[in-house]
Amino acid sequence: MAGLVRPVLAANWKMNLGPSAATTFFEAYLARYAPRDDRTVILFPSAIALAAARASARARPDLRFGVQNIHSAEKGAFTGETSAAMASDAGARFVLVGHSERRHVFGETDAQTAEKVRRAAAHGLVAVLCVGEKIEEREQGQTDAVVIRQLRAALAGLEPSAIAEVVVAYEPVWAIGTGRTATPEDASAAHQAIRSELRALGGAASDAIPILYGGSVTASNAAALLAAPGVDGLLVGGASLDPESWAAISNA
Ligand code: PEP
């Protein structure tokens, strides 16, 4: 997405930190992370904690907010779901799409992921499109093929100007929440494959797309991953729940 200062550091809280815990989190985090114009920080609280998180950070317009999921339909009888319009109305500017837990725990398909990318764009939400291979796919040398398939499925048919408005996160499934981080070399290799596919799909405008790495990022390995060629930022789950460790990663 154009206009996002890199590195882009994104916190995925998953199903953790409700409204009260989010408020407590920001009391500690804001004291440890001062606004910086050399990076972009985005937080993805649960939808139910978004309002409390935004209120706690109201003095900090440098911090951006998103939701972890939207439904692909515009509205209707989908009990428990959140629409793109509602997320936008609640102050979200970003949405995670195609996260490995959505794909592999909730069974979302490439086609549903593609619909969500389009629905997000229709409501002015920036889709953070997550792609990544399972361990058996890596072991069979299929990493590039998997991420290319996922990118094509989610983005093919979109105008280059629309493609340029997404953010991509490379999140190898075997690295998410496992403590097994990709090496900076492995991350670089996958990011290179993603970058060239984005070029093929979206032309030169796609250079505006930051490609984040996600998977067991910690305060200790963040700097090395950020230094890897082609890594434009980080998407962080577990280590973003603690304000001290998230502040260290925000400042990495
Ligand atoms: C994630 O959920 O996107 C993620 C990368 O999780 P973790 O940092 O805990 O591996």
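Residues numbered from 1 in each chain as written. Predicted model: local features only at pLDDT ≥ 70, side-chain atom pairs only at ≥ 80, totals over all residues. Heavy atoms only, no water.

1. A few points about the pairing of strand β6 (residues 167-170)
The two faces of the sheet receive side chains in turn, since in a regular strand these alternate between them. Residues V167 and A169 of β6 are buried on one face, and the alternating residues V168 and Y170, pointing to the opposite face, are buried as well. Across three bridges, the pairing between β6 and strand β7 (residues 211-214) is parallel. Residue pairing across strands places Y170 opposite Y213, the latter belonging to β7. Taken together, β6, helix α9 (residues 184-202) and β7 form a β-α-β motif whose crossover is right-handed. (Buried < 20%, exposed > 50% of the residue type's maximum accessible area, 1.4 Å probe, protein only. Helix = DSSP H or I, 4+ residues; strand = E, 2+ residues; numbered from the N terminus. Pairing = 2+ DSSP bridges. Right-handed = clockwise from strand over helix to strand, strands pointing away.)

2. Quick notes on empty space enclosed by the protein
Within this structure, the stated rule accounts for one cavity of 30 Å³ or more. Considered as a void within the structure, the largest cavity measures approximately 30 Å³ in volume. G98, S100, R103, H104, C130, V131, G132, Q150, E171 and V173 together form the lining of the largest cavity. Elements with a contribution of two residues or more to the lining of the largest cavity: α4 (100-104) and β5 (126-131). The greatest single-element share of the lining of the largest cavity, amounting to three residues, is contributed by α4. (1 Å grid on protein atoms, 1.4 Å probe; cavity = no way out; pocket = protein on both sides within 12 Å on 5 of 7 lines; lining within 4 Å. Points joined across faces, edges and corners; volume = space filled by probe spheres on them.)

3. Side note on helix α11 (residues 243-250)
The element α11 is extensively covered by neighbouring structure, given that six of its eight residues are classed as buried. Looking at α11, one finds that the buried residues are P243, S245, W246, A247, I249 and S250. Packed against the buried residues of α11 are β1 (8-12), α1 (19-32), β2 (40-44), α10 (222-227) and β8 (233-236). (Contact = heavy atoms within 4.5 Å.)

4. As for the nonpolar core
Grouped together as the largest cluster of nonpolar side chains are 60 residues, with contacts concentrated most on F26, L43, L155, Y213, L234 and W246. Counting residues in hydrophobic clusters, the runner-up holds 15 residues, among them F94, V126, C130 and L212. (Core = buried A, V, L, I, M, F, W, Y, C linked by side-chain atoms within 4.5 Å.)

5. Considerations on the pattern of salt bridges
Counted under the stated rule, the structure contains 16 salt bridges. Residues D110 and R103 are paired through a salt bridge, measuring 2.8 Å at the closest nitrogen-oxygen approach. Residue R103 is classed as buried on the basis of its relative accessible area, which comes to 8%. Note that E108 is salt-bridged to K116, the shortest N-O span being 2.8 Å. Judged by relative accessible area, E108 falls into the buried class, the value being 11%. Classification of K116 by relative accessible area gives buried; the value is 5%. Each of R6, R195 and D232 takes part in one network of salt bridges that share partners. (Salt bridge = Lys/Arg side-chain N within 4 Å of Asp/Glu carboxyl O.)

6. Remarks on the sheet that holds strand β4 (residues 94-97)
Spatial strand order, β1-β2-β3-β4-β5-β6-β7-β8: eight strands in a closed barrel with parallel pairing. Pairs of neighbouring strands in the sheet enclose a mean axial angle of 25 degrees, with direction left out of account. With four bridges joining them, β1 and β8 adopt parallel strand pairing. Bridging across to β8, A11 finds its partner in V236. (Axes fitted to C-alpha atoms, helices over the stretch in contact; angles between N-to-C directions.)

7. Things to note about the packing of helix α7 (residues 143-155) against α9
Interhelical geometry of α7 versus α9 gives an angle of 30 degrees and a closest axis separation of 10 Å. Between α7 and α9 lies a crossing of right-handed hand. Together, D144, V147, I148, L151, R152 and L155 of α7 and A193, I194, E197, L198 and L201 of α9 make up the contact between the two elements. (Left-handed = near helix turned anticlockwise from the far one by under 90°.)

8. Examining the packing of α1 against α11
At a minimum axis separation of 9 Å, α1 and α11 run at an interaxial angle of 35 degrees. In the packing of α1 onto α11, the handedness of the crossing is right-handed. Counting all contacts with α1, which are made through F25, A28, Y29 and R32, the residues of α11 involved are P243, E244, W246, A247 and S250.

Functional significance is not addressed by these values, which are geometric in nature.
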